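Structural characterization, general
Spelled out from the first residue to the last, the chains are:
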Amino acid sequence: MVRDSQPTDTISVTTAALGRRHVRYSSMGRTIDLHPNWLRDHTQEPGHVEQTNRQRLFTPRDLDADLAAVSCAIEREQLVVGFSDGHVARIPTSLIERR
């Protein structure tokens, strides 16, 4: 009997060009490198978006020029990313996989 093996989702924090740290997300054989600014741009945390219309309450200029992802994990179908400025974002993996 041969079993089909399902690819597993894996994530890691890697160092990209210019010393920036980004998140490498792999799912179903596809790998996506996610820039820290893209990840922060898609945060939905209270205080970072208007809760009634989901509009950002910050602009990209408000972010540190050297913003980096310092930790990441998958929890309950969300990518949880910790940033060098202390912010923690929770982004649905479905959003990432639609990229």
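Note that the structure is a prediction, hence the values are computed from the model and not measured.

**Let's talk about the overall build of the protein chain**
A count of helical and extended segments in the protein chain gives two helices and six strands. Tracing the protein chain from N to C terminus, the helices and strands come up as β-β-β-α-β-β-β-α. Counting over 99 residues, the protein chain shows a buried share of 30%. In the protein chain, the proportion of contacts linking residues at least 24 apart, taken out of those at least 6 apart, comes to 36%. Surface accessibility of the protein chain: about 6,600 Å² in total, with carbon and sulfur atoms responsible for 48%.

**Some thoughts on the pairing of strand β3 (residues 30–34)**
When strand β2 (residues 21–27) meets β3, the two strands line up antiparallel, connected through five bridges. The residue of β3 that forms the bridge with V23 is L34. Between β2 and the antiparallel strand that follows it, β3, lie two residues; M28 among them carries a positive phi value of about 55°.

**Focus: the sheet that holds strand β6 (residues 88–92)**
Reading across from one edge, β4-β5-β6 is the order of the three strands in this open sheet, with antiparallel pairing throughout. Two strands bound the open sheet, and with one partner strand each, they are β4 (69–75) and β6. Strand-to-strand twist of the sheet, defined as the mean angle between neighbouring strand axes without regard to direction, takes the value 20°. When strand β5 (residues 78–83) meets β6, the two strands line up antiparallel, connected through five bridges.

**Focus on the packing of aromatic side chains**
Applying the stated criterion across every chain, the model contains zero aromatic pairs. Directly above the ring of F83 sits R40, whose terminal nitrogen or CZ lies 5.3 Å from the centroid.

**Here we look at the side chain of H22**
Within the secondary structure layout, H22 lies in strand β2. The class for H22 is buried, based on a relative accessible area of 8%. One polar contact links H22 to D33, side chain to side chain, over a distance of 3.5 Å.

**Brief notes about the nonpolar core**
Grouped burial of nonpolar side chains is what soluble globular proteins tend to show. V23, L34, L39, L79, V81, F83 and I96 are the most contacted members of the largest nonpolar core, which has 16 residues in total. Where this core is concerned, the elements lending two or more residues are β2, β3, α1 (36–41), β5 and β6.

**With respect to the environment of S84**
Residue position: S84 is located in the loop between β5 and β6. Sequence separation between S84 and L67 is 17 residues; the distance between their C-alpha atoms is 6.0 Å.

**Things to note about unusual backbone geometry**
Notably, R76 is not glycine yet its phi reads approximately 50°, a positive angle. On the secondary structure map, R76 appears in the loop between β4 and β5. If you check the backbone angles, E77 has positive phi at about 60° while not being a glycine. Classification of E77 as exposed rests on a relative accessible area of 65%.

What counts and how
- Residues numbered from 1 in each chain as written.
- Predicted model: local features only at pLDDT ≥ 70, side-chain atom pairs only at ≥ 80, totals over all residues.
- Heavy atoms only, no water.
- Helix = DSSP H or I, 4+ residues; strand = E, 2+ residues; numbered from the N terminus.
- Buried < 20%, exposed > 50% of the residue type's maximum accessible area, 1.4 Å probe, protein only.
- Contact = heavy atoms within 4.5 Å.
- Areas by Shrake-Rupley, 256 points an atom, 1.4 Å probe, with all protein chains shown as cover.
- Pairing = 2+ DSSP bridges.
- Axes fitted to C-alpha atoms, helices over the stretch in contact; angles between N-to-C directions.
- Phe/Tyr/Trp six-rings, centres within 6.5 Å; stacked < 30°, edge-to-face > 60°.
- Lys NZ or Arg CZ within 6 Å of the ring centre and 35° of its normal.
- Polar contact = N/O pair within 3.5 Å; in protein donor to acceptor, adjacent residues only side chain to side chain.
- Core = buried A, V, L, I, M, F, W, Y, C linked by side-chain atoms within 4.5 Å.

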